[in-house]
Amino acid sequence: MDKHILKYVDLAKQWENEKEFLLPVIEEVLASGSYIGGEKVFDFETRIAEICKTKFAVALNSGTDALVCSLHALGIKRGDEVITPPNSFVASTSSIVHIGATPVFADVLEDQNIDPNRIIEAITPKTKAIMPVHLTGRVCEMNKILDIAKEYNLIVIEDAAQSIGSVFNGEMSGSFGHTGCFSTHPLKNLNACGDGGFIVTNSESLCDRIKKLRNHGLVNRNIVEEFAHVSRMDVLQASILMERLKKLDEVISVRQENAGIYDSIFDKDFVSRPQPRENCVDTFHTYVIQVDNRDRLRDYLKKAGIETAIHYPIPIHLQPAAKFLGYKRGDFPVCERQSERILSLPIHQNLQTNEIERVANAINTFLQDGSRD
Ligand SMILES: *Cc1c(COP(=O)(O)O)cnc(C)c1O
């Protein structure tokens, strides 16, 4: 068996491929003596708004603060309920708790995204907002979610952290809601060399308020209009991201090709994953399959030198931190069942075709050998 370890992520390899053009950019920033705010960050925001097809973008220090600042700017407060799925990265829920509001979970569909019918069931007189999460880089059914929001007069904050460049019904991820919140964490498709994130919106007043909130509530050097956060993206990260944005289309298309290779090799009787939809683009932040005997398969792959990941093994409503919300096992059966069956396979843009084939063939062998029984 091939003993070369196939990594789930390989950021060192990414740097090796990029250092020739990134090092001068980094040196220029360091030499400039200007590290926070200014033109470079503004240029990044302008480019992001173009890419997401929104009027405005605000660069921030993380995807988590993009969610917190959105909730804050939209006036969500103590006593308000926000509906969100229980199978996201913890930040979707923790941002709601952070602002003092109450997260209310709604179960998901087979494709791991929030189920619009379950959203309707979760609505109470206290519901103020819906926070759908475009998990894996696949946009939720935003047509239905926007209809619900309109009918019940709810705010929509998209957790688009995993879905830059994704499309639903011809429209860009992040452009549907009052705000779209993105992360540029090192593990995302558009990644900084540290923490980062941004908000996109079509509302000028929201954009202005978020720009104030990210900078201590200052309106100028000396006047604080409201107590707020320090959530700015720094110039170094904005400059690195500007360079990496030039390659975003390529990164996405390589991930899509990799997904296509997996799809063509898998035995559909044993491996399932969300199917492509018309007029939509999935960008594969993760490539997630659902299988029986997931843990044994993961072990088998590990022994074969193939790293995998699980996003996420413990649903948020079952986390120790969520105890006060009063949920229990069995409350969200689709999400809970998926948490035992999902497996994220290596999909990153620096993998070779033969490496993808090696993973896919190992999985087919495991499943067809009857190892699954
Ligand atoms: C990564 C991620 C976040 C948080 O982003 P950070 O930049 O790490 O703060 C929030 N939600 C989802 C779904 C994510 O994947």
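Everything numeric in this text was worked out from a predicted model, so none of it was measured.

Taken together, 15 residues are adjacent to the ligand, and Gly63, Thr64, Asp159, Ser183 and Lys188 come closest. Thr64 is positioned with one of its side-chain polar atoms (N or O) 2.5 Å from an oxygen atom of the ligand. Between the ligand and Ser183 there is a distance of 2.6 Å, counted from an oxygen atom to a side-chain nitrogen or oxygen. In the complex, the protein chains occlude 94% of the 380 Å² of accessible area that the ligand would expose alone. Here the ligand occupies the largest pocket. Along the lines of polarity and charge, the residues of the shell around the ligand split into five nonpolar, eight polar and two charged.

Moving on: the pattern of salt bridges. The final tally for this structure, using the stated rule, is 22 salt bridges. For Lys77, the salt bridge goes to Asp80, with nearest N and O atoms at 3.8 Å. In this structure Asp80 comes out as buried when scored by relative accessible area, which is 4%. A salt bridge links Lys246 to Glu243; the nearest nitrogen and oxygen atoms lie 3.1 Å apart. Note on Lys246: relative accessible area 64%, which makes it exposed. Through salt bridges with shared partners, a single ionic network connects Asp111, Arg138, Arg277 and Asp282.

Turning our eyes to something else, we now look at the pairing of strand β5 (residues 155-159). Across the five residues that make up β5, a large majority, five, are buried. Burial along β5 is two-sided: Ile155, Ile157 and Asp159 and Val156 and Glu158, pointing in opposite directions, are all buried. Sheet topology places strand β4 (residues 127-130) next to β5; two bridges connect them, and they run parallel. Within the sheet, the bridge partner assigned to Ala129 lies in β5 and is Ile155. Since β4 and β5 lie parallel, the crossover through helix α6 (residues 142-152) that links them has a hand, and here it is right-handed. Here three bridges tie β5 to strand β8 (residues 179-183), and the two strands are oriented parallel to one another. Residue pairing in the sheet places Glu158 in a bridge with Gly180 of β8.

If you walk through the whole model with that rule in mind, you get three cavities of 30 Å³ or more. Taken together, Asp111, Gln112, Thr136, Gly137, Arg138, Arg273, Pro274, Asp282, Phe284, Thr286, Tyr287 and Val288 make up the lining of the largest cavity. Size it by volume and the second largest cavity reaches roughly 60 Å³. Around the second largest cavity, the lining is made up of 13 residues, and of these Ala161, Ile164, Ser183, Lys188 and Leu190 lie nearest the centre. Its residues placed into classes, the lining of the second largest cavity shows six nonpolar, six polar and one charged.

When two helices pack together, their arrangement is given by the angle between the helix axes and the distance between those axes. Packing of helix α9 (residues 248-265) against helix α12 (residues 353-368) leaves a shortest axis separation of 9 Å and a crossing angle of 30 degrees. Here α9 runs over α12; the crossing is right-handed. Side by side, α9 and α12 meet where Asn258, Ile261, Tyr262 and Ile265 of the first sit next to Thr353, Ile356, Glu357, Val359, Ala360, Asn361 and Asn364 of the second.

Moving on to unusual backbone geometry. In this structure, Tyr312 follows His311 across a cis peptide bond, with omega equal to 5 degrees. Phi at Asn169 is positive, roughly 45 degrees, even though this residue is not glycine. One can find Asn169 in the loop between β6 (167-168) and β7 (171-172). What makes Asn169 partly exposed here is its relative accessible area of 40%. Positive phi outside glycine occurs at His216, with the angle close to 65 degrees. Tracing the backbone shows His216 in the loop between α7 (204-213) and α8 (235-245).

This part covers a nonpolar patch on the surface. Residues Val9, Leu11 and Leu187 make up a contiguous nonpolar surface patch of roughly 220 Å² in combined accessible area. For Leu11, a relative accessible area of 34% puts it in the partly exposed group.

This part covers the environment of Gln338. With respect to the helices and strands, the residue Gln338 is situated in helix α11 (residues 333-341). Excluding its chain neighbours within four sequence positions, the residues that come into contact with Gln338 are Asn87, Val108, Leu109, Glu110, Gln112 and Gln290.

Definitions and limits used
- Residues numbered from 1 in each chain as written.
- Predicted model: local features only at pLDDT ≥ 70, side-chain atom pairs only at ≥ 80, totals over all residues.
- Heavy atoms only, no water.
- Near = heavy atom within 4 Å.
- Polar contact = N/O pair within 3.5 Å; in protein donor to acceptor, adjacent residues only side chain to side chain.
- Areas by Shrake-Rupley, 256 points an atom, 1.4 Å probe, with all protein chains shown as cover.
- 1 Å grid on protein atoms, 1.4 Å probe; cavity = no way out; pocket = protein on both sides within 12 Å on 5 of 7 lines; lining within 4 Å.
- Sits in = over half its atoms within 2 Å of the grid points.
- Nonpolar A, V, L, I, M, F, W, Y, C, P; charged D, E, K, R; others polar.
- Salt bridge = Lys/Arg side-chain N within 4 Å of Asp/Glu carboxyl O.
- Buried < 20%, exposed > 50% of the residue type's maximum accessible area, 1.4 Å probe, protein only.
- Helix = DSSP H or I, 4+ residues; strand = E, 2+ residues; numbered from the N terminus.
- Pairing = 2+ DSSP bridges.
- Right-handed = clockwise from strand over helix to strand, strands pointing away.
- Points joined across faces, edges and corners; volume = space filled by probe spheres on them.
- Axes fitted to C-alpha atoms, helices over the stretch in contact; angles between N-to-C directions.
- Left-handed = near helix turned anticlockwise from the far one by under 90°.
- Contact = heavy atoms within 4.5 Å.
- Patch = residues over 30% accessible without salt bridge, like charges linked within 9 Å, V, L, I, M, F, W, Y side chains within 5 Å.

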